[in-house]
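For reference, the chains in residue letters:
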Amino acid sequence: MEQLIERAAKDLLDSKHAIALTGAGISTESGIPDFRGPSGIWTKDPDAERRAYRSYERFLADPKGWWQERLTIPSLLGDLEKAMPNLGHYALAELEKLGLLKCVITQNVDALHEKAGTANLIEYHGSLFKLRCMSCNSRFGRDEFDLEKLMSENQLPPHCSKCGGVVKTDGVAFGEPIPSDVAHQSLEEAWKCDLMLICGTSAVVHPFAQLPRIARQRKRERESETGLYVVEQVQAVTIVEVNAEPTPLTDEGISDYLIQGKTGEVLPQIVEEVKARLR
Ligand SMILES: [Zn+2]
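A.B. asks: For the nonpolar core, give the residues involved together with the corresponding values.
C.D. replies: Counting residues in each nonpolar core, the largest one holds 26 residues, and the members touching the most others are Leu12, Leu92, Leu95, Leu197, Ile259, Leu267 and Ile270. Broken down by secondary-structure element, the contributors of at least two residues to this core are α1 (2–14), β1 (18–22), α6 (87–97), β2 (101–106), β7 (195–199), β10 (238–243), β11 (257–260) and α12 (263–278). Here this core gets five residues from one element, more than from any other, and that element is α12. Ile19, Ile105, Val182 and Ile254 belong to the second-largest nonpolar core, a separate cluster that totals 23 residues.

What follows is the structure in structure tokens.
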């Protein structure tokens, strides 16, 4: 384990464009329940899961009814607002401040990376604390709309102040496409990174799961100036996993090595090792 921490620190220091991908594993250490684990939200409440699967379809068919229901049933994640980042989140924020980590792409909707101070953050599945315009992708804080008032005045759904489009919660629902700006930025990062740190995710949910696989391909497809697709080789990427258990990424050889353990313990050790080498 110690050798792998040293190896990860060295790989970070040798990298030119390191990024991190994070998932539920980094948030469960902040007491945020996952969805499908033994005490997961949906394991305990299958009706909520069935509702979640129908949600996007219902939003498209009846955004007003969808918002009314949204504002009258209690939020799934309860006291999420009170949740605090843990040492894993802070370690990634510190690596960014040291200039070693260029971007964090998270599947989590809990805003804990933001709270920990990560500046260049891509919230792949959105944020529970934001709303998003379905037409122009503008994001708004929840407090920028008085949703209760809109409901009482029969003015739902909320509309975008920039383009007039219908506004939804930012969290990406089942069947909802990943917002185009986020999808594009994430692909760019996966293409250009030379080090990918995968923290607390087995990366099995698509299309997020493509990102490590795209990075592993070491190829880049882009529309050339002549309009033809060209494939240009980019430099090799090192993929490091920090996960509690081996994952499909480990088994398929997508990752170069796995540091097995809790993100809240392993990531701070990597930061310490990096700082020791910088001294
Ligand atoms: Zn808009």
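A.B. asks: Pulling in residues and values, what's your account of the environment of Glu94?
C.D. replies: Here Glu94 shows up in helix α6. Note: C-alpha distance between Glu94 and Asp11 (83 residues apart in sequence) is 16 Å. Aside from chain neighbours lying at most four places away, what touches Glu94 is Val271 and Lys275.

A.B. asks: I'd like a description of the side chain of Asp11, backed by residues and values.
C.D. replies: Relative to the assigned elements, Asp11 resides in helix α1. No salt bridge is formed by the buried Asp11. Its closest oppositely charged neighbour is Arg7, at 4.4 Å. Excluding its chain neighbours within four sequence positions, the residues that come into contact with Asp11 are Leu195, Thr238 and Tyr257.

A.B. asks: Account for the layout of surface pockets, with residues named and values stated.
C.D. replies: Taken as a whole, the second largest pocket holds about 160 Å³ of empty space. As for the second largest pocket, its lining consists of Glu114, Thr118, Ala119, Leu121, Ile122, Glu123, Lys130, Arg139, Asp170, Asp181, Val182 and Gln185. Those elements that place two or more of their residues in the lining of the second largest pocket are β3 (121–123) and α9 (180–192). Classifying every residue of the lining of the second largest pocket by side-chain character gives four nonpolar, two polar and six charged.

A.B. asks: For the pairing of β1, give the residues involved together with the corresponding values.
C.D. replies: Within β1, five of the five residues are buried, leaving the element largely enclosed by the surrounding structure. Burial along β1 is two-sided: Ala18, Ala20 and Thr22 facing one way and Ile19 and Leu21 facing the other are all buried. Looking at chain direction, β1 and β2 are connected through five bridges and run parallel. Bridged to Ala18 within β2 is Leu101. Where β1 and β7 come together, five bridges link them in parallel fashion. Counterpart to Ala20 in the pairing with β7 is Leu197.

About the criteria used
Residues numbered from 1 in each chain as written. Predicted model: local features only at pLDDT ≥ 70, side-chain atom pairs only at ≥ 80, totals over all residues. Heavy atoms only, no water. Core = buried A, V, L, I, M, F, W, Y, C linked by side-chain atoms within 4.5 Å. Buried < 20%, exposed > 50% of the residue type's maximum accessible area, 1.4 Å probe, protein only. Helix = DSSP H or I, 4+ residues; strand = E, 2+ residues; numbered from the N terminus. Contact = heavy atoms within 4.5 Å. Lys, Arg positive; Asp, Glu negative; His and termini not counted. Salt bridge = Lys/Arg side-chain N within 4 Å of Asp/Glu carboxyl O. 1 Å grid on protein atoms, 1.4 Å probe; cavity = no way out; pocket = protein on both sides within 12 Å on 5 of 7 lines; lining within 4 Å. Points joined across faces, edges and corners; volume = space filled by probe spheres on them. Nonpolar A, V, L, I, M, F, W, Y, C, P; charged D, E, K, R; others polar. Pairing = 2+ DSSP bridges.

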